[in-house]
Amino acid sequence: MAAMRCMLGVRGLLQHAFYRNSASFAVRNVHAGPDKTPRQDRQMSSQTLDLEEDKPQFPGSRSEFTKKLEFITPDVYNGIPVYRVLDRQGKIIEADQDPKLSKEAVYDMYHKMTLLNTMDRILYESQRQGRISFYMTNYGEEATHMGSAAALNPGDVVFGQYREAGVLMYRGFTLDQFMNQCYGNNEDVGRGRQMPVHYGSKELNFVTISSPLGTQMPQASGAAYALKRSGKRLCVICYFGDGAASEGDAHAAFNFAATLECPIIFFCRNNGYAISTPTSEQYRGDGIAARGPSYGMATLRVDGNDAFAVYNAVKAARELAVNENRPVLIEAMTYRIGHHSTSDDSTAYRSVDEVNYWDKQDHPIGRLRHYMVSQGWWDMEKEKAWMKQARNEVMQAFQRAEKKKKPPPSELFCDTYKEMPPHLQQQREQMRKHVAQYPDNYPLDNFEKDRD
Ligand SMILES: Cc1ncc(C[n+]2csc(CCOP(=O)(O)OP(=O)(O)O)c2C)c(N)n1
């Protein structure tokens, strides 16, 4: 029976090939002219058959035949260019690319970029002192956050990796909310269950961050598909690093988004490193941008230290995504100035000079400040006053968060499922009894009391 099915299968294939050949023969006959016999035609056509006229019929690609055996090598073209609006001195390079943002809008961006930087410094130090368990700074990537967030609609849904705190800040996540999460205190909406910097906000359409790299990417494609079906004219933006782009999930996300025509912006922060792995060990192609066209995605590479270029890029990408239901890939070139996290010492794998270059000569905050000064909107006095105010605001939120108690320990068992199943209720009771029996062995004063 199996052999029979197999033979039928082969016969079907042969028949298919025959019909396709006779169809293309008929097409060639037209070129051969009406006064020839079919036999002559066949001979003629095999003699004069021109590859240029013979179009491939394969369903899997759109291309021409070629007579040359030529491999496509990655160096056939120069790298995809980096789109820029501001030069390093904060001057607009081409007037027609100026996004012409109002003074208030630019101030808002600058205000939040510097506030994020101040918060990073204080929380980094607080981790060094053991006051919080972990932290990740955003140094050098502030323009990728604020430039992109400013170009979105507040209803657009954000999926992040873990180094996009600025997007949340731009949307209105308060310093208290950042601190509450890092301290895992009773006012953390995540109930202290995740490591610091794993923020999330339903109100601000920012999906809660999780540690496993790349998992947010296919989820983001799915959310974009749902948004398309809802007809809301909103899109998803999905942030990820150059390292995360090597995960299998990145492939799934790109391909689903392209084939299912999802309104999504894939925003890669290419900061040169994935912990200690430099990009030269991460990939050998032309960065992440070069992968976009191969998935059928509109793609742009942008200077991630240029807030205006990032803003323009995301604004245009959003229009494509929402108006045409297309995924768009943006690769923002930047540099991770800080250590990967508080568990990392990056001097073990890169030079201090390299870091200093980006910190001192090509910093996104410095570039936007130059622009504001050149417009007469900013000066040293304003800078000093604002830095003092920013520091005070952060320190006050920090002190408030530190004083708050942690959630009741029994909450550990909640939300594993929507309803708590009997076996978890039993475990919770066991824990309560155990803690009641050995109260001196646990830091109970730091926790709220059980509610029930
Ligand atoms: C699936 C998975 N593998 C490995 C890790 C460990 N890990 C955490 S961050 C990181 C590097 C990611 O680098 P990149 O995506 O470039 O982002 P960046 O930290 O530079 O912002 C790795 C390997 C992880 N969290 N999840």
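The rules behind these values
Residues numbered from 1 in each chain as written. Predicted model: local features only at pLDDT ≥ 70, side-chain atom pairs only at ≥ 80, totals over all residues. Heavy atoms only, no water. UniProt positions renumbered as here; feature names shortened; annotations may be inferred. Pairing = 2+ DSSP bridges. Helix = DSSP H or I, 4+ residues; strand = E, 2+ residues; numbered from the N terminus. Contact = heavy atoms within 4.5 Å. Axes fitted to C-alpha atoms, helices over the stretch in contact; angles between N-to-C directions. Near = heavy atom within 4 Å. Polar contact = N/O pair within 3.5 Å; in protein donor to acceptor, adjacent residues only side chain to side chain. Areas by Shrake-Rupley, 256 points an atom, 1.4 Å probe, with all protein chains shown as cover. Nonpolar A, V, L, I, M, F, W, Y, C, P; charged D, E, K, R; others polar. Parallel < 35°, antiparallel > 145°, perpendicular 65-115°, else oblique. Left-handed = near helix turned anticlockwise from the far one by under 90°. Buried < 20%, exposed > 50% of the residue type's maximum accessible area, 1.4 Å probe, protein only. Phe/Tyr/Trp six-rings, centres within 6.5 Å; stacked < 30°, edge-to-face > 60°. Salt bridge = Lys/Arg side-chain N within 4 Å of Asp/Glu carboxyl O.

An unreviewed UniProt entry annotates the chain as 2-oxoisovalerate dehydrogenase subunit alpha of Branchiostoma lanceolatum. Taken verbatim from the UniProt record of the chain, the Cofactor (unreviewed entry) comment is "thiamine diphosphate". Comment text from UniProt for the chain, heading Catalytic activity (unreviewed entry), reads "N(6)-[(R)-lipoyl]-L-lysyl-[protein] + 3-methyl-2-oxobutanoate + H(+) = N(6)-[(R)-S(8)-2-methylpropanoyldihydrolipoyl]-L-lysyl-[protein] + CO2".

1. Side note on the sheet that holds strand 8 (residues 328–333)
Strand order in the open sheet formed by six strands is 2-1-3-4-8-7, with parallel pairing between adjacent strands. Across the chains shown, the open sheet's two edge strands, defined by having one partner strand only, are strand 2 (206–207) and strand 7 (298–303). Note: strand 7 against strand 8, six bridges, orientation parallel. Paired with Val-302 across the strands is Ala-332, a residue of strand 8. Sheet strands touched by helix 10 (residues 307–324): strand 3 (236–241), strand 4 (264–270), strand 7 and strand 8. Its angle to strand 7, the strand with the most contacts, is close to 165°.

2. Regarding the site of the ligand
Every one of the 17 residues lining the ligand counts as a neighbour, but Tyr-162, Arg-163, Gly-243, Ala-244 and Tyr-273 are closest to it. Note that an oxygen atom of the ligand is positioned 2.9 Å from one of the side-chain N or O atoms of Arg-269. In the model, an oxygen atom of the ligand is placed 3.3 Å from a nitrogen or oxygen of the His-340 side chain. For the ligand, whose unbound accessible area comes to 580 Å², protein coverage reaches 73%. Here the shell around the ligand is composed, by residue class, of seven nonpolar, six polar and four charged.

3. What about the packing of helix 3 (residues 103–128) against helix 6 (residues 175–183)?
Two elements in contact, helix 3 and helix 6, have axes whose closest approach is 12 Å; the angle formed by their N-to-C orientations is 25°. As judged from the angle between their axes, helix 3 and helix 6 are roughly parallel. The hand of the helix 3/helix 6 crossing is right-handed. Across the interface between the two elements, Leu-115, Met-119, Leu-123 and Ser-126 from helix 3 touch Leu-175, Phe-178, Met-179, Cys-182 and Tyr-183 from helix 6. Here the contact of helix 3 with helix 6 is built from residues that sort into eight nonpolar, one polar and no charged.

4. As for the side chain of His-340
Along the polypeptide, His-340 turns up in the loop between strand 8 and helix 11 (352–361). Accessibility expressed as a relative area gives 11% for His-340, which makes it buried. Beyond its immediate sequence surroundings of up to four residues, His-340 is in contact with Met-136, Tyr-162, Arg-163, Ile-275 and Tyr-349.

5. Quick notes on the packing of aromatic side chains
The final tally for this structure, using the stated rule, is 18 aromatic pairs. The interplanar angle of 55° and the centroid separation of 5.7 Å between the aromatic rings of Tyr-107 and Trp-378 together place this pair among those described as tilted. Of this pair, Tyr-107 sits in helix 3 while Trp-378 sits in the loop between helix 12 (364–374) and helix 13 (380–403), placing them 271 residues apart in sequence. Looking at Tyr-107, the relative accessible area reads 34%, which means it is partly exposed. Taking relative accessible area as the criterion, Trp-378 reaches 5% and is therefore assigned buried. Their ring planes at 80° and their centres at 4.9 Å tell us that Phe-254 and Phe-266 sit as a pair that is edge-to-face.

6. Remarks on the pattern of salt bridges
Inspection of the entire model under this criterion finds 23 salt bridges. We note a salt bridge from Arg-301 to Glu-331, for which the minimum N-O separation is 2.8 Å. Within this pair, whereas Arg-301 is found in strand 7, its partner Glu-331 is found in strand 8, the two being separated by 30 residues in sequence. The exposure classification of Arg-301 matches that of Glu-331, with both residues buried. Its salt-bridge partner being Glu-429, residue Arg-432 comes within 2.8 Å of it at the nearest N-O pair. Linking Arg-432 with Glu-429, this pair stays in helix 14 (residues 422–437), spanning three residues, or about one helical turn. Assessed through its relative accessible area of 18%, Arg-432 is described here as buried. For Glu-429, a relative accessible area of 36% gives the class partly exposed. Three or more residues are tied together by salt bridges with common partners; here these are Arg-84, Arg-88, Asp-303, Asp-362 and Arg-367.

7. Observations concerning the packing of helix 3 against helix 4 (residues 142–150)
Where helix 3 contacts helix 4, the two axes come as close as 10 Å, and the packing angle between them is 140°. In terms of their interaxial angle, helix 3 and helix 4 are classed as oblique. Handedness of the helix 3/helix 4 crossing: right-handed. Residue-level inspection shows Met-109, Lys-112, Met-113, Leu-116 and Asn-117 of helix 3 in contact with helix 4, the latter providing Glu-142, Ala-143, His-145, Met-146, Gly-147 and Ala-150.

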